[in-house]
Amino acid sequence: MELTVYLAGQIHDNWRDELKVKSKEMDLPISFVGPMENHDRSDNIGEEIKGEQPNAVFKDEAASEINNFRTQVLLGKSDVVIALFGDKYKQWNSAMDAATAVALQKPLILIRPESLHHPLKELANKAQVVVETPEQALQALSYIFETD
């Protein structure tokens, strides 16, 4: 059995790469998908596909349309969603992806520091697992594969 895991969360650091490396070290049969991690490509994809837009608002709308399409397909095909929330960035996309996982009844692992307990309490209540580190999320996933 192999799981497909959608990694929701900010794209401004390498948390996904670190999680993938640790997953490989643990020999977990997991493939990972997620949002476009190239920020410029994500911001410009609407114009690349639909052509130049008349202003920044329309450019954002065109990019959002294509990015939401990507998210819907990849998240929908995933077995599990991991949503990471950190202290450094606003996490609107993480919240949207986590809420989508809940709406689609996808198992959700929420990673958040204790400092974000209060603002994420309702979302955390809907998640199957709430942890504070990506390592803990991988430990929860590894438990699925234990046979004895």
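Please read these numbers as outputs of a predicted model, since none were measured by experiment.

Rules used throughout
Residues numbered from 1 in each chain as written. Predicted model: local features only at pLDDT ≥ 70, side-chain atom pairs only at ≥ 80, totals over all residues. Heavy atoms only, no water. Helix = DSSP H or I, 4+ residues; strand = E, 2+ residues; numbered from the N terminus. Rg over C-alpha atoms; globule rule 2.2 N^0.38 Å. Buried < 20%, exposed > 50% of the residue type's maximum accessible area, 1.4 Å probe, protein only. Areas by Shrake-Rupley, 256 points an atom, 1.4 Å probe, with all protein chains shown as cover. Lys, Arg positive; Asp, Glu negative; His and termini not counted. Charge placed at Lys NZ, Arg CZ, Asp CG, Glu CD. Core = buried A, V, L, I, M, F, W, Y, C linked by side-chain atoms within 4.5 Å. Salt bridge = Lys/Arg side-chain N within 4 Å of Asp/Glu carboxyl O. Patch = residues over 30% accessible without salt bridge, like charges linked within 9 Å, V, L, I, M, F, W, Y side chains within 5 Å. Polar contact = N/O pair within 3.5 Å; in protein donor to acceptor, adjacent residues only side chain to side chain. Contact = heavy atoms within 4.5 Å.

**Q** Hey, could you run me through the overall build of the protein in this one?
**A** Along the backbone of the protein there are 6 helices and 5 strands. For the protein, the sequential pattern of α-helices and β-strands runs β-α-β-α-α-β-α-β-α-β-α. In summary, the protein has a C-alpha radius of gyration of 16 Å against a globular reference of 15 Å for 148 residues, a match within 12%. In terms of overall dimensions, the protein has C-alpha extents of about 60 × 35 × 25 Å along its principal axes. Looking at the 148 residues of the protein, the share that counts as buried comes to 37%. For the protein, the accessible area works out to roughly 9000 Å², and carbon and sulfur atoms hold 51% of it. On the protein, the mean spot of the 15 positive side-chain charges and the mean spot of the 24 negative ones are 3 Å from each other.

**Q** Got a minute to help me understand the nonpolar core in this structure?
**A** The tendency in soluble globular proteins is for nonpolar side chains to be buried as a group. Of all hydrophobic cores here, the largest spans 17 residues; its most connected members are V5, L7, I30, I82, I109 and L141. Sorting the residues of this core by element identifies β1 (3–9), α1 (15–25), β2 (30–33), β3 (80–84), β4 (108–111) and α6 (134–144) as the ones contributing at least two each. Residues A98, A101, L116 and L123 belong to the second largest nonpolar core, which totals 15 residues.

**Q** Explain the pattern of salt bridges here, please?
**A** A side chain with one charge can pair with a side chain of the opposite charge if their charged atoms come near. A complete count under the given rule lists 5 salt bridges for this structure. A salt bridge links R41 to E48; its shortest N-O distance comes to 2.1 Å. A salt bridge links K50 to E65, with the shortest nitrogen-to-oxygen separation between them at 3.1 Å. Taken together, the positions of K50 in helix α2 (residues 39–50) and E65 in helix α3 (residues 56–77) put the pair 15 residues apart, joining distant regions of the chain. Its relative accessible area of 44% is what places K50 among the partly exposed residues.

**Q** Please clarify how a negative patch on the surface should be interpreted in this entry.
**A** Among the surface-exposed residues, D40, D43, D60 and E61 lie close enough to one another that they form a single negatively charged patch. Here E61 lies in helix α3. Residue classification places E61 among the exposed positions, given a relative accessible area of 52%.

**Q** Just checking my understanding: could you explain the side chain of Q53 for this structure?
**A** Along the polypeptide, Q53 turns up in the loop between α2 and α3. At 2.9 Å, the side chain of Q53 forms a polar contact with the backbone oxygen of G51. Once residues lying within four places of it in the same chain are set aside, the contact partners of Q53 are E47, F58, K59 and A62.

**Q** Sorry, what's going on with the environment of D87 here?
**A** In this fold, D87 is placed in the loop between β3 and α4 (92–103). On the basis of relative accessible area, D87 is assigned to the exposed category, the value being 56%. Sequence-wise, D87 and R112 are 25 residues apart; in three dimensions their C-alpha atoms are separated by 8.6 Å. Other than its neighbours up to four places away in sequence, D87 contacts P113, S115 and L116.

What is shown is where atoms sit, not what they do.
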